[in-house]
Amino acid sequence: MNTTPALQFDNITYAYPPLRTGDEEHPVLRGIHFTVAQGERAVLLGRTGVGKTTLLLTTVGIVPQRTGGLFRGRAVVLGEDARFTPVPDLARRVGFLFQDPEVQLFHVRVDDEVAFALENLGLPEEEITRRVTWALEMVGLAEEAHRRPAHLSGGQKQRLALAAVLAMQPQILVLDEPTSSLDPAARQELREVLAHLLSGERTLFLATQEVDWAVEFGPTFHALAHGERLFSGPSTALFDQAQRLEAQGIPLPQVTRIAHKLRSLGIPTPPVFTEQEALTAWQSLLAARPRGPIPSFPPHPRAQAPEPLLHPPPIHVEDVHFTYEDGTHALRGVTWQVEPGEMVALVGANAAGKTTLAKHLNGLLRPTRGRVRVGDRDTRDTSVALLARDVGYVFQNPDHQIFASTVREEIAFAPRNLGMTEEVVKGRVEEMLHLFDLQEVADYPPAVLGAGQRRKVALASVLAAHPPVLILDEPTVGLDPLSARELMTRVKDLHRAGHTVILITHDMALVAEWVPRVTVMAQGQVLFDGEPNDLFARSHILQQARLLPPPLARLAHALAPLGFPPDAIQEDRFLQAFVTLFRAQQEAHDGRV
Amino acid sequence: MVEFDLYVPGRSWLHRLDPRVKLLIPLGVSLLLFLHFTPLVVASVVVGLHLVLWRAGVPWRRLAWVWWMMLPLFIMVPLAWFLFQPVGRVFWSWGIFRLSWGGLWHGFWVVMRLLALALAAFLWLFTTDPALFVRTFVGLKMPYMLALTVALALRYLPTIAGLYIQVHDAQRARGLDLDQGPIWQRLRVRIPILIAVIIGTLRLAQYLGWALETRALGATLPPGHRRTVWRPLRLRREDKVVLGILVIVIMIILGW
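Here is what the cut-offs are and how they apply
- Residues numbered from 1 in each chain as written.
- Chains lettered and ligands numbered in written order.
- Predicted model: local features only at pLDDT ≥ 70, side-chain atom pairs only at ≥ 80, totals over all residues.
- Contact = placed C-beta atoms within 7 Å.
- Helix = DSSP H or I, 4+ residues; strand = E, 2+ residues; numbered from the N terminus.
- Nonpolar A, V, L, I, M, F, W, Y, C, P; charged D, E, K, R; others polar.
- Core = buried A, V, L, I, M, F, W, Y, C linked by C-beta atoms within 7 Å.
- Buried ≥ 20, exposed ≤ 12 C-beta atoms within 10 Å, placed from the backbone.
- Pairing = 2+ DSSP bridges.
- Expected span 1.5 Å × (residues − 1).
- Arc of directions from axis to C-beta.
- Domains from an automatic or database assignment.

Draft legend 1. Broad picture of the interface of chain A and chain B. Taken residue by residue, the interface counts 53 residues in chain A and 45 residues in chain B. Taken together, the elements giving at least two residues each to the side of chain A that touches chain B come down to α3 (87-90), α4 (110-120), α5 (125-138), α14 (384-387), α15 (407-417) and α17 (451-463) of chain A. Take the side of chain A that touches chain B: its biggest share by element is six residues, from α4(A). In the side of chain A that touches chain B, the residues fall into 34 nonpolar, eight polar and 11 charged.

Draft legend 2. Just the nonpolar core, in detail. Ranked by size, the top nonpolar core spans 203 residues in total, and within it A:A163, A:A167 and A:L346 carry the most contacts. At eight residues, helix α10 (residues 191-214) of chain B tops the list of elements feeding residues into this core. If you look at the next biggest cluster of nonpolar residues, it comprises 21 residues, including B:V58, B:W81, B:A120 and B:L123.

Draft legend 3. Quick peek at the sheet that holds strand β14 (residues 369-374) of chain A. Residue and element names in this part refer to chain A. What the four strands build is an open sheet, ordered β12-β11-β14-β15; its pairing is antiparallel. Of all the strands in the sheet, the pair left with one neighbour each is β12 (329-338) and β15 (377-378). Pairing between strand β11 (residues 315-323) and β14: five bridges, direction antiparallel. Bridge assignment links I315 to a residue of β14, and that residue is V374.

Draft legend 4. Structural view of helix α16 (residues 422-435) of chain A. Residues and elements named next belong to chain A. Compared with an ideal rise of 1.5 Å per residue, which puts 14 residues at 20 Å, α16 spans 20 Å between its outermost C-alpha atoms and is within 8% of the ideal. For α16, the set of buried residues is R428, V429, M432 and L433. Projected onto a plane normal to the axis of α16, the buried residues spread over an arc of 130° and lie on a single side. Opposite its buried face, α16 presents the exposed residues E423 and H434, each directed more than 90 degrees away. Lining the buried residues of α16 we find α15 and α17. Positioned one or two residues after α16, D437 has a phi angle of 60°, which is positive.

Draft legend 5. The arrangement of the environment of B:A118 in detail. Residue and element names in this part refer to chain B. Within the fold, A118 resides in helix α6 (residues 101-127). A count of 17 C-beta atoms within 10 Å places A118 in the partly exposed class. In this structure, the C-alpha to C-alpha distance between A118 and I252, residues 134 residues apart in sequence, is 22 Å. Beyond its immediate stretch of four places on either side in the chain, A118 contacts V66 and M70.

Draft legend 6. Representation of the sheet that holds strand β4 (residues 70-77) of chain A within the structure. Residue and element names in this part refer to chain A. Taken in spatial order, the four strands of this open sheet run β2-β1-β4-β5, and their pairing is antiparallel. In the strand order of this sheet, the two ends are held by β2 (29-36) and β5 (80-81), each with one partner. Where strand β1 (residues 7-15) lies against β4, seven bridges are found, and the strand directions are antiparallel. For F9, the partnering residue across the bridge sits in β4 and is A75.

Draft legend 7. Highlighting the environment of A:A135. All names here are of chain A. Residue placement: A135 occurs in helix α5. Residues A135 and M168, spaced 33 residues apart in sequence, show a C-alpha to C-alpha distance of 9.2 Å. Beyond its immediate chain neighbours, meaning those up to four positions away, A135 contacts V114, A163, L166 and A167.

Draft legend 8. Quick peek at the domain arrangement of chain A. Residue and element names in this part refer to chain A. By the assigned domains, chain A splits into domain 1 (7-250), domain 2 (260-288 + 553-592) and domain 3 (315-551). In this structure, domain 1 and domain 2 have C-alpha centres spaced 37 Å apart. Contacts between the two partners involve six residues from domain 1 and, on the opposite side, four residues from domain 2. Sorting elements by how many residues they give to the side of domain 1 that touches domain 2 places helix α9 (residues 235-240) first, with three residues.

If you want it as structure tokens, here you go:
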């Protein structure tokens, strides 16, 4: 075993150049100090904007060689100081995968994409051919060698980018949030590919919010908070310090979090990290005692009909077909309704037609056939500007709507467009700044804020118009669980206040936790419409739509033979049900003794 | 999705011809049209190019699209010649206006010549896989960085156009009304869209630059080694034959 560490972060402190000349530098990283051994799998955790990407970029020298700013300490890659090695030369040792596939696919043919780095390294032609074949096979794209990268699915694009760095045969793979734009099935495929790659001596260092996804690699975790290293250790240590980490917004695997809470409620569960571990542990916990009478569980309380303060218009989609100009038949006869004040999730694989359907609700797209009615308006003869009063649409990528020179101006844009008086506009801006905790950055250009804050600005800038119907496209992608929870709490509050809320998402745990109704789309059609609970019990629909039930739903289902209510798929209800069942059996046990 | 893909996949002789040799076709056509500008030559070239493109499997809709693009010129140019550029007998004149039927006729053939040039250029674009662009440029001894820059610009055009559409949609969804008021106002309300597109493009460019470097672009190579061109263009026997024919044709055009 080689003793030179793969990566050594040696007391790194770093500040980006200040946004405005004369401003003070604020270090994003402060004294980061840890190593990753060769062959190790390390996962970097931390809230959105905490400096994870910045730290990753030191391993290829981009920080500070390309970004400038104030850098102290050393990032050492296999014994070489990354600051003084040219970026393209470090690439031989470190394969770096960026979050967005779009910025790293430069070619118009899949095999050319993989060959690019090898050409740059001046390898002989036959060697390039050999490695291209090998790399494409490793990621399962051998069949696609002659296709256009632009025509691949999101998951395939990410795997192609991986093949392109893999072909250089780097000893270290550094991945920045590789799953954030993938649907559940594509995430699993990527994990399988990576697990296969890591059977050798290769080192993995990845930053992610998807700790449930990453824990399966059995990695060492490193957590950052406020620019400092908060924690390093294996998953078991993650459990011991669960409370401290959660308080800092460090994500834990869902089952770990639940096990921790069960313990605090006096239930002797061992620490668990993966779904499989949880199932084994909890099954034996519940089955170890003699069966008492199974307690009855009240059905999940239906949300009270909200006070009709806003009167959102009902939405009727009637047999809608839609074909894009390039001939893609994106919607094939969709009939769908959303009643005033409902909260509904629109789910499905990438390119299933979710966003296309949502864009019909505010007139950005008009049906090729069929019709869409918002209240008593037909979208075919109503302008988008008019529909915008009723239907607010928050786009997936906040950068698509950010343009103003200050956050304040950005938020004022929509109310002004809708012709509100300056006084009202001012009030709305203050309200939103307060609601989203943006007062401190109110006079900054939104474009330079961190990802989490940009998303808040985007949401605030739509909400400022007080649209009674709110569409949110993947609102929590890339956000850490704590920020996601904060955001969803606000969305739920809006729903309680009477807004109709339509969420487009891939995140089944979010659906289980927050949403009473879910509509599944596949190939431009509605495949299922009902309660999440019902959906998770139908494996053929899930399979057809490339969805996976969240861990809790699978666990609740698997524990059902022991008397567990299969519909307890929200965290609180799951805990409650577990405790009730456990205690009832304990009483039966004690009674018998 | 936006696509600026002009390529029509196929396996005709034109598709298989070395793109460097194929470049001689638009070159030869241009020389012919400028050195021998007569209605007969122009008409023959237009008809001939249509036949060649049709045989290569280019659908008629693509050809109609080329005509459609030229349509404004077909109206404006002959009209301008008719009104202002007398050819032959002037039958009515007043101030700058000097009307002649000869001007109309001449103007028509000027546009036909442009159409022929456009068809010749599109012949190359319709039948050449974009994957071969960089190889073509490098094969013509263009420096690699320049070739890559051109290829990247083409590659990212659809991305930036897609960005424009997204931003456009996002701003309209916030009540931005683009179709109200006089023209200057309509242009002015598009400023937020342009700003967001520019910010997005700069962000894209920054990451793109980093990503290129992490793929070893500009890596230090051992002395005597150069960047490899994987599967470079190589002249086959058929290519050499066509090359010979085209060179002879061009010499005839030049020496005629």
